[in-house]
Amino acid sequence: MSKIVSLKNFSQFDNVYRNGISYANRYLVMYIMKNDLNINRLGISVSKRVGNSVVRHRITRLIREAYRLAGSVFNSGLDIVVVARAGVRGKNYFDVRDAMLHLAKLHKII
C-alpha cells in the first residue's frame, strides 16, 4: 500500500481550480488536472457549510479512505481536488465511495 500524496498549499489548489476540469454530483465536486508527475496528488476541501469540525473531519476521512481503497483504478499523473457539498453530511462510506467513483467515471479517469 502506498501513501496518499496530498496537495498542500493554496497555490496548488488554486492551480487545479483554475486550470482543471470539474464535474459534480449531489455529494461531491471533483476537479481534475494533469500534472507532470507519474503519481496522483489528492486535495480535499470541506467548508464550514457542511458542518462543525467533527463532521468536516469525518467527511475528510471518508473521502481519503474511498480514494485509498479505489486509488489503484485511477489513471496516474493527475492532481485531484475533491470538494464536499453540504448534502454529504450524514452519509456513510459507501455513499461517499459511490459518489467519488461516479465522478471518476465522468472524468474518464478509471
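So, a few notes on the structure that sits alongside this text. (Residues numbered from 1 in each chain as written. Predicted model: local features only at pLDDT ≥ 70, side-chain atom pairs only at ≥ 80, totals over all residues. Heavy atoms only, no water.)

1. Brief notes about the overall build of the protein
Rules: Helix and strand assignments come from DSSP, with helices taken as H or I runs of at least 4 residues and strands as E runs of at least 2, each series counted from the N terminus. Based on C-alpha atoms, the radius of gyration is set beside the globule rule, defined as 2.2 Å times the residue count to the power 0.38. Exposed residues in this analysis have more than 50% of their type's maximum accessible area, buried residues have under 20%, and partly exposed residues fall in between, with area computed by a 1.4 Å probe over protein chains only. Whether two residues are in contact is decided by their heavy atoms: any pair within 4.5 Å suffices. In this description, accessible areas are obtained by the Shrake-Rupley approach with a 1.4 Å probe, and a residue is regarded as covered only by the protein chains that are shown. Under the convention used here, Asp and Glu are negative, Lys and Arg are positive, and both His and the chain ends fall outside the count. Just so you know, the charge point we use is NZ for Lys, CZ for Arg, CG for Asp and CD for Glu.
When helices and strands are counted, the protein shows three helices and five strands. Reading the helices (α) and strands (β) of the protein from amino to carboxyl end gives β-α-β-β-β-α-β-α. For the protein, whose C-alpha radius of gyration is 13 Å, the value lies close to the compact-globule estimate of 13 Å for 110 residues. Along the three orthogonal principal directions, the C-alpha set of the protein runs to about 35 × 25 × 25 Å. Every one of the 110 residues in the protein was classed for burial, and the buried ones make up 42%. Within the protein, residue pairs in contact and separated by at least 24 positions form 80% of the contacts whose partners lie at least 6 positions apart. Looking at the protein as shown, the accessible area adds up to about 6700 Å², and 50% of this sits on carbon and sulfur atoms. Averaging the coordinates of the 19 positive side-chain charges in the protein and doing the same for the 6 negative ones gives two points 6 Å apart.

2. Some remarks on the environment of Asn75
With respect to the secondary-structure elements, Asn75 resides in the loop between α2 (53-70) and β5 (78-84). With sequence-adjacent residues up to four places away left out, Asn75 is seen in contact with Asn40, Lys108 and Ile109.

3. Overview of the side chain of Arg41
Tracing the chain through its elements places Arg41 in strand β4 (residues 41-46). Exposure remark for Arg41: the relative accessible area of 18% places this residue in the buried category. Ignoring any residue separated from it by four or fewer positions in sequence, one finds Arg41 in contact with Val5, Ser6, Leu7, Gln12, Asn35, Leu78, Asp79 and Ile80.

4. Topic: unusual backbone geometry
A positive phi angle, close to 60 degrees, is found at Lys108, a residue other than glycine. By secondary structure assignment, the location of Lys108 is in the segment after α3 (93-107).

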